[in-house]
Each structure stands twice: as structure tokens, then as C-alpha cells.
Amino acid sequence: VPVIVLLGITLVALLRLFALRARAEVLVEPTWLAALAHAQRRMGFKHGTALLVTVVVGSGIAAARLSPSDGGLQLLENSTATGFGLAVLILVFGPVSGGHFNPVISAVDWLLSRRPGNGLSAAGVAMYAAAQLIGAVLGAMLANIMFDLPAVQISGKDRISVGHGLGEVVAT
């Protein structure tokens, strides 16, 4: 988590230093500036999602190693690191991407704000969802590499149940 905090502070400084505009809507401005704003948002969506997945997966791996026989303590360790990591990431990427780290959140934002000139467009949601999915895969790979695991691996735990599905809906 301290590494994420330092990374977050550095990213905030860089984003504020080099950002031309970090607004959700693009008013009348040159085409190149609008393209730059969209590219900046896509990068925020991708990097924010990648770092969030890195925090979640990495803290899960670390918790399993620190407390191998205590599932409750693992959950506490993972949720605490995830909560602090999420707070830092929202502060860092919120001004750029609105803090969207989940394609479902972006889709709901589009659905609830479909007035002209307001919120995300359908094409924007598709582009941002693609960036988020790429970021999630890269974040999981980064967490695995950080803990000397194979970059790509398939979980052996079965997590398909009504309870897990409901938990995902509530967490989202």
C-alpha cells in the first residue's frame, strides 16, 4: 500500500502538471484538443483499473501468504488494503476519468445520463470498457509478477454461485 500511495502522489502531480483539461464533457474546442481529452480519459480508465486490480489481487496474495490458516484475518487484510488503495486511486484518477474502474459503472453512468451533451456516449462507453478490461488484465498480471507467480494463471477455486454473483452486484 505505501508504494501505491507514493505512486498515487506522483501520478496526481504529473496529471495536474501536464493535463490540459480533465472534464467529462467537451465543449466547443479544436478537434485535436478534444481527441487529447478523450485519450487522457481512456488512459485514466485503463491505468486506474490496472492499479485497482493490482491492489486487490496483490493484497489477496499477500494476505494468503501472511495468514495462511486464518481466512478471517486474510479478509481483513485484503479489504483494508483494497479500501485504502481505492481511496487513493479515486483521488488520483477521479479528476481524469470520474473514478470509473469498472465497465458496469461506466455503462450505468451512460444509461442514467443520456441527455444530449451530458455524460458518456455509447461509443465512449465501449472505448472506455475496452480500456478498463485491458487494464484489469494488465493489473492482474502485474500483481502475479510482483509476487513471483506466473504472469498468467487460472484459479483452481470454484467461485460460481448465487452468493458470489450477488456479492459482485452489491460490490459494484
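Everything that follows concerns the structure shown earlier in this document.
A. Seen up close, the overall build of the protein. A tally of regular secondary structure across the protein gives six helices and zero strands. Partitioning the contacts of the protein with sequence separation of at least 6, the portion at a separation of at least 24 is 64%. When the accessible surface of the protein is split by element, carbon and sulfur atoms take 72% of a total near 10,700 Å².

B. How the structure looks around the environment of A143. Tracing the backbone shows A143 in helix α5 (residues 122-146). Given the relative accessible area of 0%, A143 is considered buried. In the structure, A143 is positioned 88 residues away from V55 in sequence and 7.5 Å away in space, judged by C-alpha atoms. In this structure A143 touches T54, V57, G58 and I61, once residues within four positions along its chain are discounted.

C. Structural context of the nonpolar core. Among the nonpolar cores identified, the biggest contains seven residues, and these are L51, L52, V88, L89, V92, F93 and F101. Of all the elements in the fold, those that place two or more residues in this core are α2 (31-66) and α3 (71-97). If one sorts the elements of this core by residue count, α3 sits on top with four residues.

D. Structural detail: α5. Between its first and last C-alpha atoms α5 spans 36 Å; for 25 residues at 1.5 Å apiece the expected length is 36 Å, and the two agree. Every buried residue belonging to α5 is among G124, V125, Y128, A129, A131, Q132, G135, G139, A143 and N144, and all of these are buried. Looking one or two places after α5, you find D148, whose phi comes out positive at around 55°.

E. Geometry of the side chain of N144. Checked against the element boundaries, N144 lands in helix α5. Exposure remark for N144: the relative accessible area of 8% places this residue in the buried category. Looking at N144, its side chain comes within polar contact range of the main-chain oxygen of A151, at 3.2 Å. Contact partners of N144, with chain neighbours within four places excluded, come to V57, I61, L149, P150, A151 and Q153.

F. Molecular detail of the packing of aromatic side chains. Within this structure, the stated rule accounts for two aromatic pairs. Ring plane angle 90° and centroid distance 6.5 Å describe the contact between F93 and F101, whose orientation is recorded as edge-to-face. Here F93 matches F101 in class, with each residue buried.

G. Fine view of the environment of Y128. With respect to the helices, strands and loops of the structure, Y128 is situated in helix α5. Here the alpha-carbon distance between Y128 and R41, two residues 87 residues apart in the chain, equals 8.1 Å. Other than its neighbours up to four places away in sequence, Y128 contacts H38, R41, R42, F45 and L120.

H. Expanded view of the packing of helix α4 (residues 103-112) against α5. At a minimum axis separation of 9 Å, α4 and α5 run at an interaxial angle of 170°. In terms of orientation, α4 lies roughly antiparallel with respect to α5. In this structure, α4 contributes P103, S106, A107 and W110 to the contact, and α5 contributes A122, V125, A129, Q132 and L133. Looking at side-chain class alone, the contact of α4 with α5 contains seven nonpolar, two polar and no charged residues.

I. Spotlight on the side chain of N78. Its place among the elements puts N78 in helix α3. Apart from residues lying up to four places away in sequence, N78 is in contact with V56, S59, G60 and A63.

Calculation criteria
Residues numbered from 1 in each chain as written. Predicted model: local features only at pLDDT ≥ 70, side-chain atom pairs only at ≥ 80, totals over all residues. Heavy atoms only, no water. Helix = DSSP H or I, 4+ residues; strand = E, 2+ residues; numbered from the N terminus. Contact = heavy atoms within 4.5 Å. Areas by Shrake-Rupley, 256 points an atom, 1.4 Å probe, with all protein chains shown as cover. Buried < 20%, exposed > 50% of the residue type's maximum accessible area, 1.4 Å probe, protein only. Core = buried A, V, L, I, M, F, W, Y, C linked by side-chain atoms within 4.5 Å. Expected span 1.5 Å × (residues − 1). Polar contact = N/O pair within 3.5 Å; in protein donor to acceptor, adjacent residues only side chain to side chain. Phe/Tyr/Trp six-rings, centres within 6.5 Å; stacked < 30°, edge-to-face > 60°. Axes fitted to C-alpha atoms, helices over the stretch in contact; angles between N-to-C directions. Parallel < 35°, antiparallel > 145°, perpendicular 65-115°, else oblique. Nonpolar A, V, L, I, M, F, W, Y, C, P; charged D, E, K, R; others polar.

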